[in-house]
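# Residue-level structure breakdown
For reference, the chains in residue letters:
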Amino acid sequence: MKYTISVLVENHAGALSRISGLFSRRGFNIESLAVGITDDPAVSRVTIIVDGDEYIVEQVEKQLNKLIDVIKVKTLTKDEKLERELILIKLRVPAEKRSEIMTIADITGAKVIDISLTTMTILLADTYAHICRLEEITKPYDVLEVVRTGTIAIQKGQDVMSLKK
Amino acid sequence: MRVSKAMVKCLEAEQVKVVFGYPGAAICPFYDALYESDIRHILVRHEANAGHAANGYARITGRPGVCIATSGPGATNLITAIATAYADSIPLVVITGQVNNDQIGSDAFQEADITGASEPFVKHSYLIKDKDELPKAFKEAFYIAGTGRPGPVLIDVPMDVQMQEIDFNYPKTVDIRSYKPTTKGNMLQIKRVIKALNEAKKPLICIGGGVFSSDAVNEITELSKVMQIPVVTTMMGISAFSADNELFYGMIGMHGKRIANKAVELCDVIFLVGARVGDRAIGNPDAVKKTTKVIHIDIDPAEIGKNLGVDIPLVGDAKLVLRKMLELANKKTHTDWLNELNSLKSEETVKPVKQGTVNPRKFINDLSDKMPKNTTVVADVGQNQIWSATSYKIRDGRFLTSGGMGTMGYSVPAAIGAKLADENHPVIAICGDGAFQMSFMELATAVQHNVDIKIVVMKNNFLGMVREVQTNVYKNHLTAVSLDGSPDFITLAKAYGIPAMRVDSEETAQKAIDKLASHKGCYLVECVVDDFESTLQL
Ligand SMILES: Cc1ncc(C[n+]2csc(CCOP(=O)(O)OP(=O)(O)O)c2C)c(N)n1
């Protein structure tokens, strides 16, 4: 099963390498890992998607908590989380096919963000499932490049994971 | 103040009296500042041994040991010692020189990314790029190394930073928002533990190295006495419970005592204290889980439930938790259970050995009867370690060994560190002829700095432990285990000015033991052991 783990970490040099090192060292399987700073520039937020069972996730949480730079770790359950990922797809598109791509973008909620004589680049920010569907639909076309960010997540409703009191 | 001087001031502020190290260009500014300090610097002959000596020192003082090396090869030579300390949760503060800030990443001469390379083996590390961060880093390093689950912390200081000027103020307090170890146990859990122990018909206490980290030797002894619970230890827990105590049943595990493993098998409640259930201690956790209620105290929540499923987890410092338990514990008796265990006791028979050799178990056992009670024994790795762990009866002293990493060559440098930690107590290293050849350069360190250690080399002409595996598992195909070509250790010791004698008979054994117990200054004994002596108990 896939688990979403959110981590607040001091934005120190080496902190990220400690986190990613821990995963390979302990044999945990990461599906994706996304990092960025938070509203507090001293703190980064890392979202990790882990493949495993309850025992593994508990181990991951405990081992992450042992890292001195890690401030908070939380596994977000299915019902309480909102997840998004961003994908960029560059396709080779001859002029006569442009409208087909536009239609796909329209229906899937993607945006065309760049166009050239021979290519189009589309963007979609959505759930993992929708991103995968878009990838599936564009497969029959001449796909030149796919770039994905990995999933980021936040709790629904009023729950927050923050260091503010 | 110059940063290099501030580094020394930081160590002084931490009451550091002895450091172990090896200089080189990138750490020269620090060494220059050390010139004016009262801190005693012990020059080792290989950086790994600075780490092992600091390890032995830390284990006896209960405070972080300090070791120092230069950049590049000096730092990488330390890695084995860092990993050794990490595996046994020993507090170290490791200081390394680094190339100048602006050279980092350029593959400069003697540049090695030591914070990167040591990352899997440190509790934490610092690369001091900004001079003003140095005092805080030192304060935090000592705090992190010595609290919670102890471990090594590395501070890498570029050479140019060491030569910059700062306003020096050593922080008085530490506040790391992301590091707050739980020390006080949860009261509800403590009550559950007491209840489970009260209800147990066949309770067993199993103690590990954590009992030393939390200084809980007295508390565990008291609890076992009040509740009349028998005690076994892991290898790291040896000497946390007196071998003379009638509730003691020895070391468990792959190489442990049969009766100790039997106790684990038969008990209905096992109370693990500061023991991480390593694979060499409890080889089949699933079997234990099936028949036994498991209670586990550890300061590291990640150890609880990692290798063995647990019924009552208790996160906290063993000493604080046990003190609370002692307030609540009632006197108990377990006559039937103790009788059952005692009926399994068997007198160990002393196997006759070939002419011209000695039985290592008997030698070590006899040695433990003659050495002062407070002796620290440092066992190396291999057959000699198993013989020492199972035959040296520790009363009031300490047993040190590289339990988690099994690092050959640990004993001689760690013995030097242990002796310097308390010069009033005897320290003896027991090692094999293989490991001795990984560390005998440190005899010079002992001589140079007047460190009185005793050394017993168990000479079986083989890398004995591996030879034994090859004999038993690989059809006696002895590959790369012969130590032919070894020097005469008596002559070698004498070359260092260390008196020495060879033991090859009962008579010489007794003479040597007397020497080890009474000689002032270093002394080396070579014990001639049958090449094919085994670790298996009869
Ligand atoms: C640094 C290191 N290298 C290799 C090993 C693997 N090893 C474990 S025991 C052993 C043999 C040790 O031989 P010796 O020091 O002569 O001791 P004995 O087993 O004969 O008592 C070896 C090679 C190790 N534990 N540590």
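Here the structure is a predicted model, which is why all the values come from computation and not from measurement.

What counts and how
Residues numbered from 1 in each chain as written. Chains lettered and ligands numbered in written order. Predicted model: local features only at pLDDT ≥ 70, side-chain atom pairs only at ≥ 80, totals over all residues. Heavy atoms only, no water. Helix = DSSP H or I, 4+ residues; strand = E, 2+ residues; numbered from the N terminus. Rg over C-alpha atoms; globule rule 2.2 N^0.38 Å. Buried < 20%, exposed > 50% of the residue type's maximum accessible area, 1.4 Å probe, protein only. Contact = heavy atoms within 4.5 Å. Areas by Shrake-Rupley, 256 points an atom, 1.4 Å probe, with all protein chains shown as cover. Lys, Arg positive; Asp, Glu negative; His and termini not counted. Charge placed at Lys NZ, Arg CZ, Asp CG, Glu CD. Near = heavy atom within 4 Å. Polar contact = N/O pair within 3.5 Å; in protein donor to acceptor, adjacent residues only side chain to side chain. Nonpolar A, V, L, I, M, F, W, Y, C, P; charged D, E, K, R; others polar. Core = buried A, V, L, I, M, F, W, Y, C linked by side-chain atoms within 4.5 Å. Phe/Tyr/Trp six-rings, centres within 6.5 Å; stacked < 30°, edge-to-face > 60°. Pairing = 2+ DSSP bridges. Axes fitted to C-alpha atoms, helices over the stretch in contact; angles between N-to-C directions. Domains from an automatic or database assignment. Buried area = accessible area lost by both parts, 1.4 Å probe. Salt bridge = Lys/Arg side-chain N within 4 Å of Asp/Glu carboxyl O. Parallel < 35°, antiparallel > 145°, perpendicular 65-115°, else oblique.

## Quick word on the overall build of chain B
A count of helices and strands for chain B gives 23 helices and 18 strands. Relative to the compact-globule value of 24 Å for 538 residues, chain B shows a C-alpha radius of gyration of 24 Å, a close match. Seen along its three principal axes, the alpha-carbon backbone of chain B occupies a region of about 70 × 60 × 45 Å. Out of the 538 residues belonging to chain B, those deemed buried represent 58%. Across chain B, contacts joining residues at least 24 apart in sequence account for 75% of those joining residues at least 6 apart. As displayed, chain B offers around 21,700 Å² of accessible surface, 50% of which is attributable to carbon and sulfur atoms. Charged side chains in chain B number 58 positive and 61 negative. The centres of these two groups are separated by 6 Å.

## A few points about the site of the ligand
All names here are of chain B. Taken together, 16 residues sit near the ligand, with Gln383, Gly406, Gly434, Ala435 and Gly464 positioned nearest. At 3.0 Å from an oxygen atom of the ligand is found a side-chain nitrogen or oxygen belonging to Asn460. Look at the ligand: alone it shows 590 Å² of surface, and the protein chains cover 76% of it. When contributions to the shell around the ligand are tallied by element, the ones reaching two or more residues are helix 17 (383–391), helix 19 (433–439) and helix 21 (464–473). Looking at the shell around the ligand residue by residue, the class counts come to 7 nonpolar, 8 polar and 1 charged.

## Details of the nonpolar core
In terms of nonpolar packing, the biggest core is built from 55 residues, with Phe271, Val273, Leu322 and Met325 of chain B touching the most fellow members. Discounting chain neighbours no more than four positions away, the residues touching Val273 of chain B are Ile205, Cys206, Ile207, Gly208, Val211, Ile220, Ile297, Ala318 and Leu322 of chain B.

## Description of the packing of aromatic side chains
Residue and element names in this part refer to chain B. What the rule picks out here adds up to 9 aromatic pairs over all chains. Between Tyr143 and Tyr179, the aromatic rings sit 5.8 Å apart at their centres with planes inclined by 85 degrees, giving edge-to-face as the arrangement. In this pair, Tyr143 sits in helix 7 (residues 134–146) while Tyr179 sits in the loop between helix 8 (159–162) and helix 9 (187–199), placing the two residues 36 residues apart along the sequence. Since its relative accessible area comes to 30%, Tyr143 is described here as partly exposed. Ring geometry for Phe436 against Phe440: centres 5.7 Å apart, planes inclined by 40 degrees, an arrangement best described as tilted.

## Here we look at the sheet that holds strand 1 (residues 2–10) of chain A
All names here are of chain A. A sheet is described by the order of its strands in space; here 4 strands give the open sequence 2-3-1-4, paired in antiparallel fashion. Edge positions in the open sheet fall to strand 2 (29–37) and strand 4 (70–76), since each of these has one partner strand only. Neighbouring strand axes in the sheet, compared pairwise and without regard to direction, differ in orientation by 20 degrees on average. Across the sheet, helix 1 (residues 15–25) lies against strand 1, strand 2, strand 3 (43–51) and strand 4, angled at about 10 degrees from strand 3, the strand it touches most. Contacting strand 1, strand 3 and strand 4, helix 2 (residues 54–66) crosses the sheet at an angle of about 165 degrees to strand 4.

## Re the domain arrangement of chain B
Residue and element names in this part refer to chain B. Each assigned domain of chain B is listed here: domain 1 (3–162), domain 2 (187–343) and domain 3 (360–528). Every contact between the two is made by 23 residues of domain 1 and, on the other side, 27 residues of domain 3. Interface area, domain 1 with domain 3, both sides summed: about 2,000 Å², of which 60% is carbon and sulfur. Remark: the boundary between domain 1 and domain 3 carries 1 salt bridge. The salt bridge involving Glu423 is made with Arg40; its shortest N-O contact spans 3.2 Å. On inspection of domain 1 and its partner domain 3, the count reaches 14 residue pairs in polar contact (both at pLDDT 80 or more).

## Comments concerning the domain arrangement of chain A
Residue and element names in this part refer to chain A. Per the domain assignment, the segments making up chain A are domain 1 (2–76) and domain 2 (82–152). Each of domain 1 and domain 2 was reduced to a C-alpha centroid, and the two centroids are 29 Å apart. The interface is formed by 6 residues belonging to domain 1 together with 5 residues belonging to domain 2. The interface formed by domain 1 and domain 2 holds 2 residue pairs in polar contact (both at pLDDT 80 or more) in total. When contributions to the side of domain 1 that touches domain 2 are tallied by element, the ones reaching two or more residues are strand 2 and strand 3. Counting residues per element, the side of domain 1 that touches domain 2 draws most heavily on strand 2, at 3 residues. Its residues assigned to classes, the side of domain 1 that touches domain 2 comprises 3 nonpolar, 3 polar and no charged.

## Here we look at the packing of helix 3 (residues 47–61) of chain B against helix 5 (residues 79–87) of chain B
All names here are of chain B. Close contact between helix 3 and helix 5 brings their axes to 7 Å; oriented N to C, the two are set at 25 degrees. The orientation of helix 3 relative to helix 5 falls into the category roughly parallel. Together, Ala48, Gly51, His52 and Asn55 of helix 3 and Thr80, Ala81, Thr84 and Ala85 of helix 5 make up the contact between the two elements. Grouping the constituent residues of the contact of helix 3 with helix 5 by class yields 3 nonpolar, 5 polar and no charged.

## Describing the pattern of salt bridges
Within this structure, the stated rule accounts for 41 salt bridges over all chains. The salt bridge partner of Glu265 of chain B is Lys262 of chain B, with a shortest N-O separation of 3.5 Å. With a gap of 3 residues between them, Glu265 of chain B and Lys262 of chain B both fall in helix 12 (residues 258–266), about one helical turn apart. In this structure, Arg502 of chain B engages Glu526 of chain B in a salt bridge whose closest nitrogen and oxygen atoms are separated by 2.7 Å. With Arg502 of chain B in strand 17 (residues 500–503) and Glu526 of chain B in strand 18 (residues 523–528), the pair connects residues that are 24 residues apart, well separated along the chain. Three or more residues joined by partner-sharing salt bridges are found here, namely Lys66 of chain A together with Arg149, Asp300, Glu303 and Lys306 of chain B.

## Observations regarding the interface of chain B and chain A
Accessible area lost during the coming together of the parts is what is often quoted as the interface size. On the chain A side, the residues contacting the 17 residues of chain B number 19 residues. Summing both sides of the interface, chain B and chain A together bury roughly 1,500 Å²; the carbon and sulfur share of this comes to 44%. Three residues, Glu119, Arg177 and Ser178 of chain B, lead the burial of chain B against chain A; their summed loss comes to 39% of the area buried on that side. Put simply, chain B and chain A have 3 salt bridges between them. A salt bridge links Lys66 of chain A to Asp300 of chain B, with the nearest nitrogen and oxygen atoms 2.6 Å apart. Taken together, the connections running from chain B to chain A amount to 9 residue pairs in polar contact (both at pLDDT 80 or more).

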